[in-house]
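Examining the three-dimensional arrangement
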Amino acid sequence: MKQKHVDYQVVPYPKIRRWMAAMFRSVQHKPMIHGLLEVDVTRARAFLRDHKAKTGESLSFTAFLTTCLAKAVDEHKAVQARRFGSKRIILFDEVDVYLPIEHDMAGQKQPIPYIVRAANRKTVLEIHHEIRAAQVQDVTKDLMRIQSLQTLLFQPYLWLLTWIGRTHPWLWKKNVGTVGITAVGMFENGGGWGIPITPPTPLMMTVGGIGEKPGVVDGHIAIRDYLSLTISFDHDLIDGAPAARFTERLKELIESGYGLFDSTVESEQAGAKGNVR
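These remarks concern the structure in this document. (Residues numbered from 1 in each chain as written. Predicted model: local features only at pLDDT ≥ 70, side-chain atom pairs only at ≥ 80, totals over all residues. Heavy atoms only, no water.)

What about helix α8 (residues 240–256)?
The test is simple: By definition, any uninterrupted DSSP run of H or I lasting at least four residues is a helix, any uninterrupted run of E lasting at least two residues is a strand, and each is numbered from the N terminus. Residue count minus one, scaled by 1.5 Å, sets the expected span of a helix. Between buried and exposed lies partly exposed: a residue is buried under 20% and exposed over 50% of the maximum accessible area for its type, with that area taken using a 1.4 Å probe on protein chains only. Here the arc refers to the directions that run from the helix axis out to each C-beta atom. It only takes one pair of heavy atoms within 4.5 Å for two residues to be counted as in contact.
The end-to-end C-alpha separation of α8 is 24 Å, in line with the 24 Å expected for 17 residues at 1.5 Å each. Inspection of α8 places A243, F246, T247, L250, L253 and I254 among the buried residues, and these make up the whole buried set. One side of α8 carries all its buried residues, which in axial view fall inside an arc of 125°. At its buried positions, α8 is contacted by β3 (32–40), α2 (42–55), α3 (61–75), β9 (203–217) and β10 (220–234). At the C-terminal side of α8, G257 shows a positive phi close to 75°.

If you want it as structure tokens, here you go:
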């Protein structure tokens, strides 16, 4: 219940936010390393605009980035390694991408975790449709599970879950995925990076803003669209050199428009064009 005063008001602190705060505290001890980079997304954004003009559908930019992230991780599986006891690590074949999706809850927008399973085996369109379906999904049951847990039990429960994740990493994969992607909305109209809090996954990609700046293309200077990205790694599991190789491959995939120019997307455009005729 809101309490209004002359110069301020008191509003409820949503239980989902309290849950997330406890979750982040449970993993904050991890030694993270962060890489800040700019990626030329001019080609990808031109394709997305063209896709909307031909089909009337706005293809998710997040779906495109998720596809690129999953492909890069699939080629460098060490970046999604999990501890398996004290002397071993486990490398999963599937890339499960943790993705917070906003939902309207009691008049407020709240991020609800969603996991794109086996994203390395899905196309951009498949992930796009999955994200769109998740955005309108009824999350009442998920919230009821959180609501049923007393606030004082959040931290002990998550400590226990973290311990179980160390001894049974496949259970951690089931609950939080193997890698994550999140966006920083404040940089929507210009370039800018975000530094995430310690994530529950060994790799997190934080999507910042997009800004225009001069770039060199085929020996000529042109105005290009540059996306600010922050790539965060768990230094307990990954060193600088393999992290740099992964980052370089991710940059190549995004700049080339990976997954956008395959036959699936182009056939949908052709079908839409044929329907118009």
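Quick notes on the pattern of salt bridges
Formally: We define a salt bridge as a contact between a side-chain nitrogen of Lys or Arg and a carboxyl oxygen of Asp or Glu at a distance within 4 Å.
Following the criterion strictly, the structure yields 14 salt bridges and no others. Among the charged side chains, a salt-bridge network with shared partners connects E94, D96, R117, R121 and K173.

Quick word on the environment of D93
Within the element layout of this structure, D93 appears in the loop between β5 (88–90) and β6 (97–105). Each C-alpha atom, one on D93 and one on V73, is 9.7 Å from the other, the two residues being 20 residues apart in sequence. Setting aside anything within four residues of it in sequence, one finds D93 in contact with D74, K77, N120 and R121.

Some remarks on the packing of aromatic side chains
What counts is decided by this rule: Ring pairs shown here join Phe, Tyr and Trp side chains whose ring centres sit within 6.5 Å, with only the six-membered ring taken for Trp; geometry is labelled stacked below 30 degrees between planes, edge-to-face above 60, and tilted in between. Here, over-ring charges are defined by two tests on the NZ atom of lysine or the CZ atom of arginine: distance to the ring centre within 6 Å, and angle to the ring normal within 35 degrees.
Tallying each qualifying case throughout the model produces four aromatic pairs. Ring geometry for F61 and F64: centres 5.9 Å apart, planes at 40°, overall tilted. With F61 and F64 both in helix α3 and three residues apart, this pair spans about one turn of that helix. Note on F61: relative accessible area 21%, which makes it partly exposed. Taking the centre distance of 5.9 Å and the plane angle of 90° together, the rings of F233 and F246 count as edge-to-face. With F233 in strand β10 and F246 in helix α8, this pair connects stretches of sequence that are 13 residues apart. Like F246, F233 is buried. One Lys or Arg, R43, reaches over the ring of F261 and ends 4.2 Å from the middle of that ring. The ring centre of F84 lies 4.5 Å from the NZ or CZ of R88, which sits over that ring.

Notes on the pairing of β9
Going by this rule: The rule for pairing is simple: two strands pair if DSSP sees at least two bridges between them.
Here strand β8 (residues 179–183) runs beside β9; their pairing, made up of four bridges, is parallel. In the sheet register, G180 faces β9, and the bridge partner there is M204. Both β9 and β10 contribute to a ladder of 13 bridges, which runs antiparallel. Following the sheet pairing, G211 is matched in β10 by Y226. Counted between consecutive antiparallel strands, the loop separating β9 from β10 contains two residues, among which D218 sits at a positive phi close to 55°.

So, the nonpolar core
Let me state the cut-off plainly: Remark: nonpolar core denotes a set of buried residues (Ala, Val, Leu, Ile, Met, Phe, Trp, Tyr, Cys) joined through side-chain atoms within 4.5 Å.
Among the nonpolar cores identified, the biggest contains 43 residues, and L69 and F246 are the most heavily contacted of them. Sorting elements by how many residues they give to this core places α3 first, with eight residues. Ignoring sequence-local partners within four residues, the contact set of F246 consists of L69, A72, V73, H76, V79, L203, I231 and F233.

Let's talk about the pairing of β10
Taking burial as the measure, the 15 residues of β10 include 11 buried ones, the bulk of the element. Sheet analysis places β3 next to β10, joined by nine bridges and oriented antiparallel. Residue pairing across strands places G35 opposite I231, the latter belonging to β10.

Side note on a nonpolar patch on the surface
Counted only if it meets this: Every patch collects residues that have over 30% relative accessible area and no salt bridge, joining them within 9 Å if they carry like charges and within 5 Å if they are nonpolar side chains (Val, Leu, Ile, Met, Phe, Trp, Tyr). Under the convention used here, a 1.4 Å probe and the Shrake-Rupley method define accessible areas, while residue burial counts only the protein chains that appear.
Residues L36, W193 and I195 make up a contiguous nonpolar surface patch of roughly 300 Å² in combined accessible area. Along the polypeptide, I195 turns up in the loop between β8 and β9. We classify I195 as exposed; its relative accessible area is 52%.

Observations concerning the environment of M32
Take M32: it is sitting in strand β3. The buried category is assigned to M32, whose relative accessible area is 17%. For the pair formed by M32 and I238, sequence separation is 206 residues and the distance between their alpha carbons is 9.7 Å. In this structure, M32 is in contact with T198, P199, P202, S232, F233 and D234, ignoring residues within four places of it in sequence.

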